[in-house]
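# An overview of the molecular structure
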Amino acid sequence: MGLSAQHILLLIVIALLLFGRNKISDLMGDVAKGIKSFKKGMAEDDEPKPMPRTIENEAANPDRSKVG
């Protein structure tokens, strides 16, 4: 026995009575901000990071311009 449309509608009405429209919209806005932040963090991880300058890297890439 699954949930029918009447059951879901009743649950939504009860949730609105308990929490109010403002709290539910605030909660959904917070969820959206969290998802957006998560996606932004995942996109930043995909960018390649530059190799740190070390003696070994300078020897492997002598065409880089040297400072000083």
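Refer to the structure printed above.
What comes next concerns the included structure.

Parameters and conventions
- Residues numbered from 1 in each chain as written.
- Predicted model: local features only at pLDDT ≥ 70, side-chain atom pairs only at ≥ 80, totals over all residues.
- Heavy atoms only, no water.
- Helix = DSSP H or I, 4+ residues; strand = E, 2+ residues; numbered from the N terminus.
- Buried < 20%, exposed > 50% of the residue type's maximum accessible area, 1.4 Å probe, protein only.
- Areas by Shrake-Rupley, 256 points an atom, 1.4 Å probe, with all protein chains shown as cover.
- Patch = residues over 30% accessible without salt bridge, like charges linked within 9 Å, V, L, I, M, F, W, Y side chains within 5 Å.
- Salt bridge = Lys/Arg side-chain N within 4 Å of Asp/Glu carboxyl O.

### Concerning the overall build of the protein chain
A tally of helices and strands in the protein chain yields 2 helices and 0 strands. Put simply, the protein chain has 68 residues, and 3% of those count as buried. Surface exposure of the protein chain reaches about 6700 Å², of which carbon and sulfur atoms provide 65%.

### Here's the deal with a nonpolar patch on the surface
Where nonpolar side chains cluster on the molecular surface, the patch consists of L3, I8, L11, I12 and L16 and spans about 470 Å² of accessible area. Here I8 shows up in helix α1 (residues 5-46). Residue classification places I8 among the partly exposed positions, given a relative accessible area of 40%.

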